[in-house]
Amino acid sequence: MSNVLDGKVALVTGGSRGIGAAVALRLAADGADVALTYQQNGDRAAQVVEQIKAAGRRALAVRADNADPAALTRTVDEVVGEFGRIDILVNNAGIYLAGPVDDLGLAEFDLSIAVNVRAPFVTSKAAARHMVSGGRIINIGSNMAQRAAFPGHSVYSLSKTALIGLTKGLGRDLGPRGITVNLINPGPTDTDANPADGPYAEAIRGFTALGQYAEPADIAAAVAFLAREDSRYLTGATIDVDGGFAI
Ligand code: NDP
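So, a few notes on the structure that sits alongside this text. (Residues numbered from 1 in each chain as written. Predicted model: local features only at pLDDT ≥ 70, side-chain atom pairs only at ≥ 80, totals over all residues. Heavy atoms only, no water.)

1. Thoughts on empty space enclosed by the protein
According to the stated counting rule, one finds one cavity of 30 Å³ or more in the structure shown. Taken as a whole, the largest cavity holds about 30 Å³ of empty space. Lining the largest cavity, in full, are Val-4, Leu-5, Lys-8, Gly-134, Arg-136, Ala-227, Arg-228 and Glu-229. Of the residues assigned to the lining of the largest cavity, the class counts are three nonpolar, one polar and four charged. (1 Å grid on protein atoms, 1.4 Å probe; cavity = no way out; pocket = protein on both sides within 12 Å on 5 of 7 lines; lining within 4 Å. Points joined across faces, edges and corners; volume = space filled by probe spheres on them. Nonpolar A, V, L, I, M, F, W, Y, C, P; charged D, E, K, R; others polar.)

2. Thoughts on the packing of helix 1 (residues 18-29) against helix 2 (residues 42-54)
For the pair helix 1 and helix 2, interaxial distance at closest approach is 9 Å and the crossing angle is 15 degrees. As judged from the angle between their axes, helix 1 and helix 2 are roughly parallel. Where helix 1 crosses over helix 2, the handedness of that crossing is right-handed. Along the contact surface, helix 1 presents Ala-21, Ala-24, Leu-25 and Ala-28, while helix 2 presents Val-48, Gln-51 and Ile-52. Of the residues assigned to the contact of helix 1 with helix 2, the class counts are six nonpolar, one polar and no charged. (Axes fitted to C-alpha atoms, helices over the stretch in contact; angles between N-to-C directions. Helix = DSSP H or I, 4+ residues; strand = E, 2+ residues; numbered from the N terminus. Parallel < 35°, antiparallel > 145°, perpendicular 65-115°, else oblique. Left-handed = near helix turned anticlockwise from the far one by under 90°. Contact = heavy atoms within 4.5 Å.)

3. Things to note about the site of the ligand
Around the ligand sit 32 residues in total, of which Ser-16, Gln-40, Asn-92, Tyr-156 and Thr-191 are the nearest. For the ligand, an oxygen atom lies 2.7 Å from a polar atom in the side chain of Tyr-156. For the ligand, whose accessible area on its own is 900 Å², the fraction buried by protein is 94%. With respect to the detected pockets, the ligand is housed in the largest pocket. Elements with a minimum of two residues in the shell around the ligand: helix 1 and helix 5 (154-174). Class assignment of the residues belonging to the shell around the ligand gives a composition of eleven nonpolar, 17 polar and four charged. (Near = heavy atom within 4 Å. Polar contact = N/O pair within 3.5 Å; in protein donor to acceptor, adjacent residues only side chain to side chain. Areas by Shrake-Rupley, 256 points an atom, 1.4 Å probe, with all protein chains shown as cover. Sits in = over half its atoms within 2 Å of the grid points.)

4. Quick word on the nonpolar core
Counting residues in each nonpolar core, the largest one holds 31 residues, and the members touching the most others are Leu-27, Val-34 and Val-90. For this core, the elements supplying multiple residues, two or more each, are strand 1 (9-12), helix 1, strand 2 (33-38), helix 2, strand 4 (88-91), strand 5 (136-140) and helix 7 (216-227). Top element by residues in this core is helix 1. It accounts for seven residues. If near-sequence neighbours (up to four positions away) are discounted, Leu-27 is found in contact with Leu-5, Ala-10, Val-12, Ala-32, Val-34, Ile-88, Val-90, Ala-224 and Ala-227. Ile-86, Leu-89, Met-131 and Leu-183 belong to the second-largest nonpolar core, a separate cluster that totals 24 residues. (Core = buried A, V, L, I, M, F, W, Y, C linked by side-chain atoms within 4.5 Å. Buried < 20%, exposed > 50% of the residue type's maximum accessible area, 1.4 Å probe, protein only.)

5. Some details on the side chain of Arg-136
Within the secondary structure, Arg-136 sits in strand 5. As a buried residue without a salt bridge, Arg-136 has its nearest oppositely charged side chain in Glu-229, at a separation of 4.3 Å. A polar atom in the side chain of Arg-136 sits 3.4 Å from the backbone oxygen of Glu-229. (Lys, Arg positive; Asp, Glu negative; His and termini not counted. Salt bridge = Lys/Arg side-chain N within 4 Å of Asp/Glu carboxyl O.)

6. Some words on helix 4 (residues 106-128)
Think of an α-helix as turning once every 3.6 residues; residues three or four places apart then point the same way. Here helix 4 spans 31 Å end to end across 23 residues, near enough to the 33 Å set by a 1.5 Å rise per residue. Along helix 4, the largest kink reaches about 40 degrees and is centred on Arg-118; proline Pro-120 follows within four residues of it. (Expected span 1.5 Å × (residues − 1). Bend = angle between axes of the 7 residues up to and from the residue.)

Rendered as structure tokens:
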């Protein structure tokens, strides 16, 4: 437990499982009150909320589909209504629709853009309205934005690459207000979406310099640094927390 984020309020999208759950728990361990969204796993979201409350912080879970802009805006309003402020936004929720280009249609394209790109834009815009100097927006991209190491990722990679531009543009817009915006590109991370014992895990591991998967807590540690006051001169940056996948 630390208290570097005492008095801060964080919103983590997709906080019911995987990287988002680890981020929510880490920010709470560092002192923040934490709201998280989920799409369908209310039970898993409730478990994370209970863990945060057990750590002595306030917590809230909100069902909000990233594909629904109105739900995201409502969620930000609900967080501010409940906790009185919002200081840290982590745009983590994402989907991974992969396949050979012949199999990827407009439906996969549009949904990937809606969930992985439009949602971070909408949520950042809504949250920034409430942020004061010291505010933090942290986007979660992907190693697949930096290196198309194997086939089948055209749409996913393009959606995550878009976050590099969004992060720079928002960083420029919000910098004068003392709000920083940064992007973390995780490498292969042991979650339901990419289990470290999955059928392709050995090959994926081989693309990293460290030869191993990240734990969700490894990504959360980088988010926690960006959330802190002493990261204040870092904005518009893309940080690869990828075990050397991109090198
Ligand atoms: P998981 O599939 O393990 O968890 C996804 C989380 O996002 C869940 O909380 C899920 O909620 C939520 N979610 C999914 N779709 C939506 C939606 N439409 N609206 C709201 N919430 C949604 O994913 P990871 O933890 O592995 O991934 C988290 C982020 O990290 C993603 O952006 C992913 O692209 C990125 N990433 C992951 C890597 C990895 O190897 N794991 C590597 C690089 C990037 P629910 O529980 O309700 O379904």
